[in-house]
Amino acid sequence: MRRHAYLLAGAVAAVIDAAPSWANAVYVSNERDNTVTVVDSKTMEVTKTIDVGQRPRGITISHDGKHLYVCASDDDTVQIIDTATHQIIGTLPSGPDPELFVLSPDGKTLYVANEDDNLVTVIDVEKKRVITEIPVGVEPEGMGISPDGKTMVNTSETTNMAHFIDTSSHEIVANVLVDSRPRFAEFKPDGSQVWISSEIGGTVSVIDNASKEIVKKITFEIQGLRSEAIQPVGVRITADGKKAYVALGPANRVAVVNTETYEVEKYILVGQRVWQLAFTPDGQNLISTNGLSNDITFIDTKSDEPIKSVTVGALPWGVTVAPN
Amino acid sequence: MTMKSTVPNTLVFFVACFFLLVNAPQPMAQQNPATKPVTEIRIGYLRAYEPQLALSVLDIPPEDEGVAGANVAINDNNTTGRFLGQSFSLDVVRTKREEDVVPVFREMLARGEKYVLTDISAKQLLSIADLARENGVLLFNVGSTDDILREQECRSNVFHTAPTRTMLADGLAQYLVWKQWRTWVLLYGSHEPDRLFADAIRRAAKRFGAKIVEERLYEDTGTARRTDSGVVQVQRQMPVFTQNLPQHDVVIVADESEVFGSYVPFRTWDPRPVAGTAGLIPSSWHPASEQWGGSQIQNRFEKATGRRMLGKDMQAWTAVRILGEAATRTNSNDTAKIEAFIKDENFSLAAFKGQKVSFRRWNWQLRQPVFLGDGRGVISTSPQEGFLHQFSELDTLGVDQPETACKLN
């Protein structure tokens, strides 16, 4: 009852605030059934299901919103989907077993983690050509890029390092040891820090981008849950840099962290085995993929309350939202 | 017989050629590999190997079982080592089952081995454990499931990445109890390992509230395996062997020696599921496990070896990775530092099992989930939901601290 009232109050507040919220397409990769589900961010309804390659995981969208890129891991390729027609219009030479990637701020370069080959492949998106391959640690996964595009960070899950790569020379400039199974790298919008989640270690390491030193290790504690069940994966930081959201895997919750105090302010209960996160462009909603319950959850970033869960495909993995 | 197998890593080799073998100081953020001296970390692997028989040709252990897992981990460690100036290599020594291993172990000591994986019998392991300690050598038991090595005969310098029989039996029992299949019959073989596994099953039944309503011993009389006449006989023999049993839910088989166990499924008098060393089998790993990033290690393993990864491969991989992790995080090959790191209460490792694995500090047994699988895939993993523990649910598997007979000095 009480929660209802709270939700209602939130909705009223949102209406009064009334920055017109856009309807954006939300794209979710479903690892187990080789599809991408399209969800309308305003109605929160599924509008379309696109058949893609095998084992789709990493997913991102071009800055103009025209092209969707999907890692088809078991096809060893990155597929390009036209967002207007929902047709696959081409592929990028990603190298074997692409899992996650990040697009440069200028949209011209895609950096792909090749999990099976201990490589990061650098791709010229326009020419669809491999620029270079950078050897990194065992099982590269997390990919983050600084807002100025100068520094790319890759995490290797078995080596347990964050590799800082200079994007002009394509050289590794620093390797920072973090806790077990680092999964994700997210820069703060001002580029001062990169946040690295460690799935098995159960922590998030905050690394200063200038000194390459760990300035803080964030831990999580949830009453009634054993520590092994808390497995941080996806990390997103708000545009104003004030709040970080951390998906906690089998803990079925998203943690809200104050980026100034590094305190966890709240745990939001979503679906089962929550992995990746994405904001809507207006920042009003955060969307989580919940792998084992086959759904995504829309979260109101003002109240940090879940709004609605939407069933998508089998084992939803990644999520990206079309720009305005 | 001694053979030295060094996993090639061209880059590391090159770097090793150019720079002195010095212990690098710990940098805050590690710089370009080319500017670093290389520290060499050698790992020994002592194994008793003889070709083994099995009732199904699919179950004959590959010749490189275990060693292949160690080699993949050496490669993994070297990929990481590239960034830190560390190079790992493996020194495999092969002996026989009943042989005295002291002479070959002394040769390993003479070569300066400080870390040795062992896949030998409990008796062989005990014959070198104290000699190892006197020489400051850490042993990693990757092969023996004998509980006694973690209990009465535990040692402060012997770590165990192989699970114990009691861990395996408990993992299986939890699942059967969760399924409400609580009434068991136990068929066990006449060899020592079969009897030990049967003991572990009896203990598990008591712990988790299952009931063994009848036990039957299958004497090994030296019957032919996998021959035409054998199969005909088996089809007549197994139903008779399992006739007139009291009402039961599951048939548990304890036959590590592969004398009759694999013949039991689908041949029992009553139509009942079979578990234990045949049917639903508990193990430290399953060749079809893809969960928790498992497909990554499986792909890597298959690419390197041309076959699927087995339990012993995972046990050896884990031991080499533990050493790699310790060397990486201490940025050292110093035995004292590495031992202290592994023995620290916060030590843990990611091993594709859905949660971190760590050591029981009272007997240096690796606490780890137990996979339950048949010949095709993973059916479940234990600990099962609802089996609670005040410290770690993984400690619901096997002998727990309050019951341990181990006294580490």
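From a predicted model like this one, the values you see are computed outputs, not experimental measurements.

### Observations regarding the overall build of chain A
Inference 1: Helix and strand counts for chain A stand at one helix and 28 strands.
Inference 2: In terms of C-alpha radius of gyration, chain A reaches 18 Å, essentially the compact-globule figure of 20 Å for 324 residues.
Inference 3: Dimensions along the principal axes, computed over C-alpha positions, put chain A at roughly 55 × 45 × 35 Å.
Inference 4: A total of 324 residues make up chain A; the buried ones form 52% of that total.
Inference 5: When contacts within chain A are restricted to residue pairs at least 6 apart in sequence, long-range pairs at least 24 apart make up 44% of them.

### Observations regarding the domain arrangement of chain B
All names here are of chain B.
Inference 1: Considered domain by domain, chain B is made up of domain 1 (10-163 + 286-368) and domain 2 (166-282).
Inference 2: At the interface, ten residues of domain 1 touch nine residues of domain 2.
Inference 3: Tallied by class, the residues present in the side of domain 1 that touches domain 2 amount to five nonpolar, two polar and three charged.

### Observations regarding the UniProt feature "domain: Leucine-binding protein" (unreviewed entry) in chain B
Inference 1: Those residues carrying the UniProt feature "domain: Leucine-binding protein" (unreviewed entry) are residues 66-221 of chain B in this numbering.
Inference 2: Along residues 66-221 of chain B one finds 46% helix and 24% strand; the C-alpha atoms at either end are 31 Å apart.

### A closer look at the sheet that holds strand β2 (residues 35-40) of chain A
Two modes of strand pairing occur in sheets, parallel and antiparallel, and in both the strands are linked by backbone hydrogen bonds.
Residue and element names in this part refer to chain A.
Inference 1: Ordered in space as β3-β2-β1-β28, the four strands form an open sheet in which the pairing is antiparallel. A strand with exactly one partner marks an edge of an open sheet, and here the two such strands are β3 (46-51) and β28 (316-321). Mean inter-strand twist for the sheet, computed between neighbouring axes without regard to direction, equals 20°.
Inference 2: Direction of pairing for strand β1 (residues 25-30) relative to β28: antiparallel, over a ladder of four bridges. When the bridges of β28 are listed, valine 26 appears paired with valine 321.

### Some remarks on the nonpolar core
Inference 1: Ranked by size, the top nonpolar core spans 107 residues in total, and within it Ala70(B), Ile201(B) and Ile252(B) carry the most contacts.
Inference 2: A per-element tally of this core places helix α9 (residues 311-330) of chain B first, with nine residues.
Inference 3: Those residues in contact with Ala70(B) that sit more than four places away from it in its chain are Tyr45(B), Leu90(B), Leu117(B), Ala316(B), Trp317(B) and Val320(B).
Inference 4: Among the nonpolar cores identified, the runner-up in size contains 89 residues, and Ala174(A), Ile296(A), Val310(A) and Val319(A) belong to it.

### Topic: the environment of Asn294(A)
Residues and elements named next belong to chain A.
Inference 1: Within the fold, asparagine 294 resides in the loop between β25 (285-290) and β26 (295-300).
Inference 2: Along the chain, asparagine 294 and threonine 35 lie 259 residues apart, while their C-alpha atoms are 12 Å from each other.
Inference 3: What asparagine 294 contacts, discounting residues up to four positions off in sequence, is Thr311, Val312, Gly313, Ala314, Leu315 and Pro316.

### Points about the interface of chain B and chain A
A common way to report how large an interface is uses the accessible area buried once the components associate.
Inference 1: Taken together, the contact pairs 20 residues of chain B with 22 residues of chain A.
Inference 2: Sorting the residues of the side of chain B that touches chain A by element identifies α2 (67-84), α8 (294-305) and α9 of chain B as the ones contributing at least two each.
Inference 3: Among the elements that make up the side of chain B that touches chain A, the one with the highest residue count is α2(B) (four residues).
Inference 4: Class assignment of the residues belonging to the side of chain B that touches chain A gives a composition of five nonpolar, ten polar and five charged.

Criteria and thresholds
- Residues numbered from 1 in each chain as written.
- Chains lettered and ligands numbered in written order.
- Predicted model: local features only at pLDDT ≥ 70, side-chain atom pairs only at ≥ 80, totals over all residues.
- Helix = DSSP H or I, 4+ residues; strand = E, 2+ residues; numbered from the N terminus.
- Rg over C-alpha atoms; globule rule 2.2 N^0.38 Å.
- Buried ≥ 20, exposed ≤ 12 C-beta atoms within 10 Å, placed from the backbone.
- Contact = placed C-beta atoms within 7 Å.
- Domains from an automatic or database assignment.
- Nonpolar A, V, L, I, M, F, W, Y, C, P; charged D, E, K, R; others polar.
- UniProt positions renumbered as here; feature names shortened; annotations may be inferred.
- Pairing = 2+ DSSP bridges.
- Axes fitted to C-alpha atoms, helices over the stretch in contact; angles between N-to-C directions.
- Core = buried A, V, L, I, M, F, W, Y, C linked by C-beta atoms within 7 Å.

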